[in-house]
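# Observations on the model geometry
One letter stands for each residue in the lines below.
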Amino acid sequence: MVLLRFISISFLLFSLFSCAKVQYLWEQGQGQMGLMNKARSNEELLQDVRVLPLYKDKIQKIEQYKKYFFDYFEKKPTDIYSKTTLLDREAVTYLRIASPYDVIKAKEECFPFVGCFPYLGYFSKDSTLGDAKKLEEEGWVTWIRPVYAYSTLGHFTDPILSSFFTYNDYDLAEMIFHELFHTIFWVKDEVELNENLAVYFSENLAIQYFKLEETKKKEVLSRKKNYDELMRLVLSHIEKINTQYALLKSEEKNKKFYQGYLNRYLDDYFKPELEVKCKSLGYGKDKCWPLKREWNNASFAALLTYQARGESIQTLQQKLKCNLKDYYRYLQKRYDNFQKEGQDSFEHYLFGL
């Protein structure tokens with residue numbers, strides 16, 4: 001589940017940026033303020049006869065998920081998700097990721113205080129398309145996708161968004177836990193690790209919340225296992241493509257050449273191998289997510305952002321033999337020590353890389 005990190009408009013006062021970046025910050029600030037200004041208290045919406053029963057049900061469930069999360073980690077509840085904004089569109093924002101044409105690697109965008117991110121998010125789809133078009137003209141490869149949930153990392157009091165309501169109850173709980181985890185644990189400049197930690201904790205917390213019976217739990221874990229198998233296969237192809245890109249490097253090679261190579265690789269190797277793998281897992285082409293996505297360097301780079309360290313996180317917890325709550329406390333203590341010691345990468349510090 002991929003999620004946008006909002007950049008506060010107040011940073012304009014402390015930074016010197018290009019006109020384009022200043023315009024971006026201004027537009028995002030306006031968009032965020034618009035969401036907050038339209039927000040109404042949950043209590044008010046729950047009493048409003050004009051609000052759909054489905055929406056009321058989702059709001060009440062989110063309040064329950066929020067209470068469970070803060071109680072579980074023994075944290076004082078914040079005002080996050082105490083209000084709701086009903087949107088006039090399905091997605092709240094649009095995510096743009098860019099990558100060079102000769103290597104699968106996300107272009108970083110850096111801001112003071114919150115650090116660097118391998119993407120930019122826009123409240124306006126037209127702005128997203130305009131940004132992507134400009135980057136394409138400069139030689140970058142881009143990918144855009146809709147975003148239904150995001151966190152401001154505590155810079156604002158995030159409201160519930162009606163875009164959340166597209167999720168079923170289980171996925172909604174997992175998503176809420178994911179975003180709430182970002183509010184209690186965030187490592188500056190390490191987006192990949194942050195996302196993988198939030199995914200891991202939210203998945204396991206959802207299983208505990210719903211107290212799944214053994215059959216249902218096996219079903220959920222089996223689905224996750226299949227997803228992870230497909231993910232590992234896709235990641236192995238990304239590694240192969242990047243290796244081949246490095247061998248192809250030459251001053252004569254241009255963006256069109258590399259795009260042509262990638263298209264041939266997808267047709268000759270990637271798609272056939274994924275079809276076989278999905279079939280072995282019992283998925284037809286219409287249920288096999290790697291075959292449904294449009295692939296280019298940027299969409300591959302987006303995948304790297306969210307799936308780089310999932311297995312390492314699980315292995316560490318198993319090694320520590322602790323429950324999820326104690327695992328969080330362990331991570332917090334390690335991060336506190338890391339900050340005191342002033343090392344370069346918490347990921348390396350944590351996993352001993």
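Right, let's walk through the structure included here. (Residues numbered from 1 in each chain as written. Predicted model: local features only at pLDDT ≥ 70, side-chain atom pairs only at ≥ 80, totals over all residues. Heavy atoms only, no water.)

### Let's talk about the overall build of the protein
Within the protein, the secondary structure is distributed over 13 helices and ten strands. At 21 Å, the protein has a C-alpha radius of gyration in line with the 20 Å of a compact globule built from 353 residues. Projected onto its principal axes, the C-alpha coordinates of the protein cover approximately 65 × 50 × 50 Å. Within the protein, the proportion of its 353 residues that are buried is 48%. Restricting the contact set of the protein to residue pairs at least 6 apart, pairs at least 24 apart contribute 74%. (Helix = DSSP H or I, 4+ residues; strand = E, 2+ residues; numbered from the N terminus. Rg over C-alpha atoms; globule rule 2.2 N^0.38 Å. Buried < 20%, exposed > 50% of the residue type's maximum accessible area, 1.4 Å probe, protein only. Contact = heavy atoms within 4.5 Å.)

### What about unusual backbone geometry?
We note that glutamate 74 has phi near 55°; this positive angle belongs to a residue other than glycine. With respect to the helices and strands, glutamate 74 occurs in the loop between helix H3 (53-72) and strand E3 (83-85). Even without being glycine, lysine 321 reaches a positive phi, approximately 55°. Looking at lysine 321, the relative accessible area reads 75%, which means it is exposed.

### Quick word on the pattern of salt bridges
Within the structure shown, the criterion is met by 24 salt bridges. One salt bridge connects lysine 107 with glutamate 109, and the closest N-O pair in it is separated by 2.9 Å. Take lysine 107: its relative accessible area is 21%, and that puts it in the partly exposed class. The exposure class of glutamate 109 is buried, given its relative accessible area of 6%. A salt bridge links glutamate 219 to arginine 223, with the shortest nitrogen-to-oxygen separation between them at 3.8 Å. Of the two residues, glutamate 219 and arginine 223 both sit in helix H7 (residues 214-248), four residues apart, roughly one turn of that helix. Linked by salt bridges that have partners in common, Arg40, Glu44, Asp48 and Arg50 make up one network. (Salt bridge = Lys/Arg side-chain N within 4 Å of Asp/Glu carboxyl O.)

### Some words on the state of the cysteines
Tallied over the full model, the rule gives one disulfide. In this model, cysteine 278 is linked to cysteine 288 through a disulfide, with the two sulfur atoms separated by 1.8 Å. Its torsion about the S-S bond being 50°, the disulfide of cysteine 278 and cysteine 288 is classed as right-handed. Of this pair, cysteine 278 sits in helix H8 (residues 255-280) while cysteine 288 is found in the loop between H8 and helix H9 (289-292), placing the two residues ten residues apart along the sequence. Overall, cysteine 278 belongs to the buried group, its relative accessible area being 1%. Taking the relative accessible area as the measure of exposure, cysteine 288 reaches 0% and is therefore buried. (Disulfide = S-S within 2.5 Å.)

### Some remarks on the environment of threonine 243
If you trace the backbone, threonine 243 turns up in helix H7. There is a polar contact of 2.9 Å between the side chain of threonine 243 and the backbone oxygen of glutamate 239. (Polar contact = N/O pair within 3.5 Å; in protein donor to acceptor, adjacent residues only side chain to side chain.)

### Overview of the sheet that holds strand E2 (residues 40-41)
Taken together, three strands build an open sheet; the order of strands is E2-E3-E10 and the sheet is mixed. Of all the strands in the sheet, just E2 and strand E10 (160-161) have a single pairing partner and so form its edges. (Pairing = 2+ DSSP bridges.)

### A closer look at helix H11 (residues 310-320)
Side chains that are three or four residues apart share a direction in an α-helix, a result of its 3.6 residues per turn. Within the span of H11, buried status applies to Ile313, Leu316 and Gln317. What you see down the axis of H11 is that its buried residues fit within an arc of 95°, all on one side. Residues of H11 that are exposed and angled more than 90 degrees away from the buried face: Gln318 and Lys319. On its buried face, H11 sits against helix H6 (191-210), helix H12 (324-341) and helix H13 (346-351). (Arc of directions from axis to C-beta.)

The values are spatial; any link to function lies outside them.
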